[in-house]
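Structural overview
Spelled out from the first residue to the last, the chains are:
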Amino acid sequence: MFHKSLRRRTLTFVSATIFMVMAGMMIAINITSSRDQVMVRTTARINLAAPAYRKLASTSTTMRSVPSTIPAGGVTVLGGNAQRGGNPVLMYLDPATSVTGMISQAEAGADALAIDNGPGLSVTNAVLASVTLPSDVPPAGVTPSPSAVIGTTAWVVTVTSPAPVSMSTCSVPGSSSNNCAVVVSNNYMVLDPTTGAFLVSTFG
Amino acid sequence: MTRPKSRRSLVVAIAAAPLLLALVGTAISLPAGPASAQGGTCTTYNQYFDGYQHNNTTGYGARMNTRHVSPVVCGAAGTSSVWSMITDGTGTDFAQSGELMNAAWSTTTVYYFTECGLCDNTDGSIQTSAPVNKGAVGQQSNSSYNDEYSSWFTPSTGVTTQQIAPANDPTLTSNLNTYSVMLFTPSEYDFYGEVHYPESQMPGITSNHDVLSSIQGLSSPGGSWVTQTPAMMQPIYDTFPYGGYTSYGSNGSFGIWDTRD
């Protein structure tokens, strides 16, 4: 009787355990489904851009700064400012030909320093290029904004600081750590090729 | 956006201003400007905020209107900014849009910026964690126009849009958009002014608050924008010793300013 009772209790315990495990799995599946529905991913590298805008796949040359001449086939300009490590893509540059009414390289540099007029700044490079800013590229099915810099012919002016500049990315009140500090030396300014008007810039 | 030639003229005029003032003496009564005592050396780096946030279990969109009022930034690295964002509250993961002045680059240019702490670009490449400047405008102390700054997640595309609807630059006629694939789950939305050194000026002055208005949030992906009431918002982490802020209004607005003016 003791054994029968023990066996019965054991079976009951095993059954309950199996039930709880299955219930837990169902809950876990539901949570996973819920998270999938909002599509907040924990892994990267899914290409959501329209095929026409997938510059990453078509440029083979990568550089850590904007070059003085754009190589045939284009270049991917990398930064060092991803808080999780790795090198973010700042912009894609393809060779471009001059446009009617284009301002000179020197004028582009002067225009850049009229906007970035901090002490000690200097223009260390200016190159005409067809510019694509990856963060301007919308997902497939979404029309880019008219202001988007995607295959845009422009002067890319490198404005360099005399000392590294902290561009911290910790932006939540209460954050005590500074482990997400971002330090840059250059502001890559993309200017309209005929007016010198500011289009966009990114730090690297 | 000022055309290059007129901008150069402005720079020349600004550069010549001290000489002219020296020539005519100090009898000229200058209009009251932003705080002048804060423009010197930067001391201890930290992050100082004034504003409100909504802690929730979800936070899939944040939207507000404002314009940057007369910041003075310290030294060669001081910053002053105002922004809205969605975040997971960790301090590192966020998507935001706003206005930023950084003395290392300029003490007269205010950049429209977007920034994502932990995001990919839509093509799968890593997105920079540094600000991306989407437009360059001057200080807007007397402007009656409000720029709109928003970030929101779109379930159908899996992408977060960070958008600036510029009102202070007549040459910018379309929205300035950044598209980000967030690698975190947002759980709150925040609306703040921020400086990194005590010597820098929080946006807004006593006589001209930097008013954040039409504050709205999205608590569910694909949901509807909801104007944030006082009961929804918390004025926390007001750690900046020179910052002030008004009570949160029922119409979804509040003001921030630097108390040294």
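Read on for an overview of the structure. Remember, it's a predicted structure, so these values are computed and weren't measured experimentally.

A closer look at the overall build of chain A
- Check the secondary structure of chain A and you find 2 helices and 7 strands.
- When the helices and strands of chain A are read in sequence order from the N terminus, they spell out α-β-β-β-α-β-β-β-β.
- For chain A, the accessible surface area stands at approximately 10,000 Å², while carbon and sulfur atoms represent 60% of it.

Some thoughts on the pairing of strand β10 (residues 176-182) of chain B
All names here are of chain B.
- For β10, a buried count of 7 out of 7 residues is recorded, marking the element as mostly surrounded by other parts of the structure.
- Side chains Leu 176, Thr 178, Ser 180 and Met 182 of β10 all project onto a buried face; the interleaved residues Asn 177, Tyr 179 and Val 181 project onto the opposite face, where all are buried too.
- Note that strand β6 (residues 119-120) and β10 share 2 bridges and pair antiparallel. The partner of Cys 119 across the bridge, within β10, is Met 182.
- In the sheet, strand β9 (residues 159-165) pairs with β10 via 5 bridges, with the strands oriented antiparallel. When the bridges of β10 are listed, Thr 161 appears paired with Tyr 179.

Here's the deal with the state of the cysteines
Residues and elements named next belong to chain B.
- Per the stated rule, a full pass over the model turns up 2 disulfides over all chains.
- In this model Cys 42 forms its disulfide with Cys 74; the gap between the sulfur atoms is 2.1 Å. Disulfide Cys 42-Cys 74: torsion about the S-S bond near 105 degrees, hence right-handed. You can see Cys 42 sitting in the loop between α1 (4-24) and β1 (48-55) and its partner Cys 74 sitting in the loop between β2 (61-66) and β3 (79-87), a full 32 residues away along the chain. The pair Cys 42 / Cys 74 is uniform in exposure class, with both members buried.
- Sequential numbering of the bridged cysteines in chain B gives the disulfide pattern 1-2, 3-4.

Concerning the pattern of salt bridges
- For the coordinates displayed, the defined rule picks out 3 salt bridges over all chains.
- The residue A:Asp136 makes a salt bridge to B:Lys134 at a minimum N-O spacing of 2.4 Å. Separated into two different chains, A:Asp136 in the loop between β4 (122-132) and β5 (150-166) and B:Lys134 in strand β7 (residues 132-137) make up a pair that spans both. An identical accessibility class is assigned to A:Asp136 and B:Lys134; each is buried.
- Residue B:Asp258 is joined to B:Arg260 by a salt bridge in which the shortest nitrogen-to-oxygen separation is 2.8 Å.
- B:Asp258 sits in the buried class, given a relative accessible area of 0%.

Conventions and cut-offs
Residues numbered from 1 in each chain as written. Chains lettered and ligands numbered in written order. Predicted model: local features only at pLDDT ≥ 70, side-chain atom pairs only at ≥ 80, totals over all residues. Heavy atoms only, no water. Helix = DSSP H or I, 4+ residues; strand = E, 2+ residues; numbered from the N terminus. Areas by Shrake-Rupley, 256 points an atom, 1.4 Å probe, with all protein chains shown as cover. Buried < 20%, exposed > 50% of the residue type's maximum accessible area, 1.4 Å probe, protein only. Pairing = 2+ DSSP bridges. Disulfide = S-S within 2.5 Å. Salt bridge = Lys/Arg side-chain N within 4 Å of Asp/Glu carboxyl O.

All quantities given are derived from atomic positions and should not be read as evidence of function.
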